[in-house]
Amino acid sequence: MNQKLFKVMSLAAIAATFASCEKDEVKIGDTSVEISTEGAYVVSQGNWGENNGSLQFIDLINKRVSEDIFYKENDRMIGDLFQDICVYGTKLYCTVSESSKVMVLERSGKLVKEINLTDESGKPVSPRYITSYRGNLYFTAYDGYVHSMDTVAYELGNKVKVGDFPEALTVAEGKLFVNNSNHYLAQNEKNSVSVVDLATFENIRTIGVHLNPYDQSLTAADGNVYIVCCGNFGQNDPENGIEPLYSTLVKIDSKTYQTTNLTTASKIASRYDLMYIIYNDYYVANSLSYKTYDLSKNAVTNENFISSAELTDPNSIDVDPAFGNIYISKSTYGSLGEIYVYSSLFKIQTTYKVGYSPAKVAFAY
Amino acid sequence: MSNHKNNHYGIRTGIISVLALCSSSQIYALEAYDENDVQAPYVASSSDSQSNYSSSVKESTETLSLTEIAEERVLDNVTVKAKKRTNLTSGSPMQILGEELLSNISSPSLSDAVKRFSGAMVKDYGGIGGLKTINVRSMGSEHTGVCYDGVAISNCQSGQIDLSNFSLNNVSQLSLSIGQNDDIFQPAKVHASAAVLFIETKRPELSKEKPVYMSLSYRGGSYKLHNPSVLFAQRISQGFMYSVYADYIKSDGEYPFTYKNGNTLVDGTRTNSDIESLKSEINLYGNIGKRQTLNAKVYALFSERGLPGGIIYDNPYSAERLGDRNYFVHLNYENEITEKFSLRSAAKANYSWNKYTDVQVHSTTDNRFEQYEGYATLSALYSPWEALSFSVSQDIVYNYLESNIPDYVYPERYTSLSAFSAKYSDRRLTITATLLNTFIKEKLKSSNQPDDRKRLSPSFSISYKPFDVTNLRIRASYKDIFRVPTFNDMYYKVVGNTSLKPETSKQVNAGITWIGQPFEFMEYLNFTADIYYNVVDDKIVAFPTSFIWKMMNVSKVKTRGADFNVSTGINITKHINIGITGAYSYMDARDKTDRNSDLWDNQIPYTPLHSGNAMVVIENPILNFGYSLVASSHRYSSNMNIAQNRIPGYYDHSLWIDRTINIGSHSLLLRADAINLSDKNYEVIRFYPMPGRNYRFSITYKY
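Scoring rules and cut-offs
- Residues numbered from 1 in each chain as written.
- Chains lettered and ligands numbered in written order.
- Predicted model: local features only at pLDDT ≥ 70, side-chain atom pairs only at ≥ 80, totals over all residues.
- Heavy atoms only, no water.
- pLDDT = per-residue confidence, 0-100.
- Contact = heavy atoms within 4.5 Å.
- Buried area = accessible area lost by both parts, 1.4 Å probe.
- Salt bridge = Lys/Arg side-chain N within 4 Å of Asp/Glu carboxyl O.
- Helix = DSSP H or I, 4+ residues; strand = E, 2+ residues; numbered from the N terminus.
- Buried < 20%, exposed > 50% of the residue type's maximum accessible area, 1.4 Å probe, protein only.
- Phe/Tyr/Trp six-rings, centres within 6.5 Å; stacked < 30°, edge-to-face > 60°.
- Core = buried A, V, L, I, M, F, W, Y, C linked by side-chain atoms within 4.5 Å.
- Pairing = 2+ DSSP bridges.
- Axes fitted to C-alpha atoms, helices over the stretch in contact; angles between N-to-C directions.
- Disulfide = S-S within 2.5 Å.
- Patch = residues over 30% accessible without salt bridge, like charges linked within 9 Å, V, L, I, M, F, W, Y side chains within 5 Å.
- Areas by Shrake-Rupley, 256 points an atom, 1.4 Å probe, with all protein chains shown as cover.
- Polar contact = N/O pair within 3.5 Å; in protein donor to acceptor, adjacent residues only side chain to side chain.

1. Here's the deal with the confidence of the model for chain B
Residues and elements named next belong to chain B.
Right, so step 1: Put simply, chain B has an average pLDDT of 85, and 87% of its residues get 70 or more.
Right, so step 2: Note on residues 1–86: pLDDT under 50 across the span, and 198 contacts to partners over four residues away in sequence or across chains.
Right, so step 3: Here the prediction assigns the complex a pTM of 0.86, and the interface score ipTM is 0.89.

Printed below as a string of structure tokens:
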């Protein structure tokens, strides 16, 4: 009997010693890629709440993608929802939205400075998109401000009030154009673009635009601002009085502030006179298309530069300013992301495996 | 043995009256007699031992002793305690945790007991206030129904029942039925889930001699836990009694944790993890004559808690709060009209209210939801011959959800469930078959009405005892069922999708059960083993499409698994007993959505390949000692099985001691627990570290 008891107790003891000591490691991409100016940074936002944003580098010469260089250099993950990056001077400036911080990195990915952003009462402000102008960085945040930061001491400077949920922003004619989105909690200044004069750092104007300007905003070669307003994603429900408002490319004249709706668009990138467009409206069946719009001719010049069957689930589009290659990210439910690279003649060049929810390719030169 | 058999039939009428007192689930007690020949030897020994480990033998043994006192009890029906079921004859897996085993789990939450079931994972977000839902055989929380004292509990808003809203202090029996339910005399709703968790509350035994029962208990512990509870019962008259129960919990829930972001240590304290809740109920139990019973329950829950959220690197802010109010009334009426024909009916009115608040820099959220439910069921059981019975059951459910969210659609849902069942049962063979018809109609405030839903769901099971000499049973079952999209799936702001199809599940199970006394020193040894295969299709998930997230019917999951349960009781001396229970689950749950996807054949999130638990209890007159283990192999937090998504496996060890002091009819139980001895902040859900080593003590006075 006592033997049995002993056996039972030893079993329990054995079980007790099996304390687990497994280690998680992060391994995507090539460990031997060297950082240079001949390359591009890939922002993978990661999945919400999973702290798995990542930063990778594409070596354009050898056509290889690195591992997560932030993790490699700093022994930790960059955080939750790595929203945007701005390559400026010798540094990288990153906004991490859910982790509510701005980070200054060396081009290698090594952390220089990290600023946790909260308001006076400790609430996180969720920085969103970031851009640069004449030695300063400007980023939007969900406290309804555009914040500024210098590039010497990396200190936060003044901030200026815009809409409740400001998103993408761009600089044109010495002014910031800030998308004020139609976030469902937004009360003030939604569906508009705020104009901030960078000389005085004052909000000088609010431009009404098509419903829900969101994460796309750029200044094209013609000096004008181009944004995407998502509308209601094409929802058509006449019985309930809902008319479809499609996702639309909107031109804002940077001098006169006149707005023009150009064509349907969801994600945009531009080089010279050409706008590269991904269009995909949730409520419009089979709406996925890849098209080009010529800004000088005011016309769609190619309806399908890639077939929608060839590349499903696109998430972002960027164009290499030097060589004209087109970088389209693909984010499929549950899977790691990919970057598809096409030549300016729309021939597939290569693909790269990247982190979750890739959202931007930022060129290093 | 033949003596027992005679007994069995001889007092059958009496038994049925006894059974009819309780919820329909007691029909199992009757089936237990098939196993009498094996149970007989244990009657004597079990009367000596203070406790048993929920084993079926104990269940059955008590049923047996029930036969002896049944007639006496029928005379004064108030005293009936019979709350026993057995998993032995069941054609599909039925695991039972009886009062004795439950008393070994000292936790304010029911979820710590549910972790003892093989094949069931509790999604535990950590802390006493954290959300805890049950996921059986990787089919998803929405596929498990919960039945509280015979009446289904539902949540039309999210489809998930939060187990932390139920107190373990008041539970006398917890059972989990997977697949086809053998008890055909049940509300149709019991047949409408892939698995059902039955919660049976305590019902003290009263008599003319002892007309009052009282239990006062206080539990305290780490993280400023205070958990007093009281159960009071009184006999009103011949055939009638009532009970009052109240359970209060308060804890600040602030526990320290260590966590690693890569190789960087994140030290922190769980904040906004406090809870304060009060659960209370009043029960009335009555017998009208010998053939009718009427039970009524009034239930109220108040709860206020913080939702700490997952760890977000570099941002410890957390301000989400959840308030719950839940009130319901239910009535249960049963009438054994003739020996061959019985009726049972139940009705329930339920109101629940919840309030979610969050304070962020840009806005303050205050979302309120109110659920209204009306439910009625009527079942008839007809047994033309000894071995054959038929049942028909009709349920009607009405659900309505209100919210203060702007432009809310105010959905109403009418559900009709009709079940037709047949059962054949003799000493060797039990066969049951059920056909369930579901009809659902929904109405919205806006003009766009979703389509009606209709579906027929078949299920059947068979259990066979091949040999006379050994108490081995072979079983097999099949069930085809579905879960309808919840109101959140269909109407939640932005992500809701009204065109969702039901999420279907098909289950096949085969297994053996065995009970016996292989060695002299063993009181009994009980063993069950099952292998299963299930397919969940059209799984409803939040799916990103065209740059926005929507609820979609996208994925398909195939699971191959095996569950093993073993329990034994060993008498070392007349006064020293050891009880051991163990459960092991193997669960190979793969994504079978798209062969060309990276996710094809990956283990689905939050399903460990191996998991198990064990409990050893050593009882003696001086100090009882217990050890418990809950263990799991690694899991993945996301669909892709890469290192980044891997959550390490864990072992959670606990130890306790207890001592009962009896003075006349008063008893005092003192107990101390040390929980999670290895002090690891392991994760069940990624970024929700569990509390490290913590302590509890409790004192219970009973009269």
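Still more to cover.
2. Quick notes on the interface of chain B and chain A
Right, so step 1: Contacts between the two partners involve 62 residues from chain B, matched on the other side by 64 residues from chain A.
Right, so step 2: Interface area for chain B against chain A, summed over the two sides, is near 5,200 Å², with a carbon-plus-sulfur share of 59%.
Right, so step 3: Considering only the surface of chain B that becomes buried against chain A, Val 361, Phe 547 and Gln 644 of chain B emerge as the three largest contributors, covering 14% of it.
Right, so step 4: The interface formed by chain B and chain A contains three salt bridges.
Right, so step 5: Between Asp 314 of chain B and Lys 101 of chain A there is a salt bridge, with its nearest N and O atoms 2.3 Å apart.

3. Overview of unusual backbone geometry
Right, so step 1: In this model, Arg 134 of chain A sits at a positive phi of 45 degrees, which is unusual for a non-glycine residue.
Right, so step 2: With respect to the helices and strands, Arg 134 of chain A occurs in the loop between β8 (127–133) and β9 (136–141).
Right, so step 3: Taking the relative accessible area as the measure of exposure, Arg 134 of chain A reaches 68% and is therefore exposed.
Right, so step 4: A positive phi angle is found at Asp 601 of chain B, which is not glycine, with a value near 75 degrees.
Right, so step 5: Inspection of the secondary structure puts Asp 601 of chain B in the loop between β26 (577–591) and β27 (610–619).

4. Concerning the packing of aromatic side chains
Right, so step 1: Considering all chains together, one arrives at 36 aromatic pairs over all chains under this definition.
Right, so step 2: With a centroid separation of 6.2 Å and an interplanar angle of 35 degrees, the aromatic rings of Phe 363 of chain A and Tyr 365 of chain A are classed as tilted.
Right, so step 3: For Phe 363 of chain A, a relative accessible area of 10% puts it in the buried group.
Right, so step 4: Classification of Tyr 365 of chain A as partly exposed rests on a relative accessible area of 37%.
Right, so step 5: Look at Tyr 313 of chain B and Phe 687 of chain B: their rings are 5.9 Å apart centre to centre, the planes differ by 90 degrees, and that puts the pair in the edge-to-face class. With Tyr 313 of chain B in the loop between β14 (292–307) and β15 (320–336) and Phe 687 of chain B in the loop between β32 (666–675) and β33 (694–702), the pair connects residues that are 374 residues apart, well separated along the chain. Take Tyr 313 of chain B and Phe 687 of chain B: they sit in the same class, and that class is buried.

5. Observations concerning the pattern of salt bridges
Right, so step 1: Counted by the stated rule, this structure contains 42 salt bridges over all chains.
Right, so step 2: The shortest N-O distance in the salt bridge between Arg 305 of chain B and Asp 324 of chain B comes to 3.6 Å. With Arg 305 of chain B in strand β14 and Asp 324 of chain B in strand β15, the pair connects residues that are 19 residues apart, well separated along the chain.
Right, so step 3: By relative accessible area, Arg 305 of chain B is classed as buried at 3%.
Right, so step 4: Linking Asp 468 of chain B and Arg 428 of chain B is a salt bridge whose minimum nitrogen-to-oxygen distance equals 3.3 Å. Of this pair, Asp 468 of chain B sits in the loop between β21 (453–464) and β22 (472–483) while Arg 428 of chain B sits in the loop between β19 (412–425) and β20 (429–443), and the two are 40 residues apart along the sequence.
Right, so step 5: Under the relative-accessibility criterion, Asp 468 of chain B is labelled exposed at 52%.
Right, so step 6: Counted as one network, the salt bridges with shared partners bring together Arg 76, Lys 101 and Glu 114 of chain A together with Asp 314 of chain B.

6. Looking at the nonpolar core
Right, so step 1: Ranked by size, the top nonpolar core spans 44 residues in total, and within it Leu 110, Val 114, Leu 174, Leu 197 and Ile 199 of chain B carry the most contacts.
Right, so step 2: Looking at which element gives the most residues to this core, the answer is strand β6 (residues 171–178) of chain B, with four residues.
Right, so step 3: Sequence-distant contacts of Leu 110 of chain B, defined by excluding residues within four places in its chain, comprise Leu 163, Phe 166, Ser 167, Leu 168, Val 171, Leu 174 and Ile 199 of chain B.
Right, so step 4: With 17 residues, the next largest nonpolar core counts Val 33, Phe 70, Ile 85 and Ala 364 of chain A among its residues.

7. Quick notes on the sheet that holds strand β15 (residues 202–208) of chain A
All names here are of chain A.
Right, so step 1: Here we have four strands laid out as an open sheet, ordered β12-β13-β14-β15, and antiparallel in their pairing. Two strands close off the open sheet at either side, each with one partner strand: β12 (166–172) and β15. Between one strand axis and the next, the sheet turns by 25 degrees as a mean value, whatever way the strands run.

8. Some thoughts on the sheet that holds strand β16 (residues 213–219) of chain A
Residue and element names in this part refer to chain A.
Right, so step 1: The sheet built from four strands is open, its strands ordered β16-β17-β18-β19 with antiparallel pairing. Strands at the two margins of the open sheet, each flanked by one partner only, are β16 and β19 (259–264). Strand-to-strand, the axes of this sheet are offset by a mean angle of 25 degrees, without reference to chain direction.

9. Some thoughts on the confidence of the model for chain A
Right, so step 1: The share of residues in chain A with pLDDT of 70 or more is 93%, and the mean pLDDT across the chain is 92.
Right, so step 2: Predicted confidence for residues 1–26 of chain A stays below pLDDT 50, and this span has 38 contacts to residues more than four positions away or in other chains.

10. Some thoughts on the state of the cysteines
All names here are of chain B.
Right, so step 1: All told, the structure shown has zero disulfides over all chains when counted by the stated rule.
Right, so step 2: Residue Cys 156 stays outside any disulfide, its sulfur separated by 17 Å from that of Cys 147, the closest cysteine.
Right, so step 3: Classification of Cys 156 by relative accessible area gives buried; the value is 7%.

11. So, a nonpolar patch on the surface
Right, so step 1: On the surface, a nonpolar cluster with roughly 290 Å² of combined accessible area is contributed by Val 244, Ile 282, Val 298 and Val 329 of chain B.
Right, so step 2: Structurally, Val 244 of chain B can be placed in strand β10 (residues 240–251).

12. Concerning the environment of Asp 601 of chain B
Residue and element names in this part refer to chain B.
Right, so step 1: Taking relative accessible area as the criterion, Asp 601 reaches 29% and is therefore assigned partly exposed.
Right, so step 2: Along the primary structure Asp 601 and Lys 558 are separated by 43 residues, whereas in three dimensions their C-alpha atoms are 9.1 Å apart.
Right, so step 3: With residues near it in sequence (within four places) discarded, Asp 601 still touches Arg 590, Asp 591 and Lys 592.
Right, so step 4: At 2.6 Å, the side chain of Asp 601 forms a polar contact with the side chain of Lys 592.

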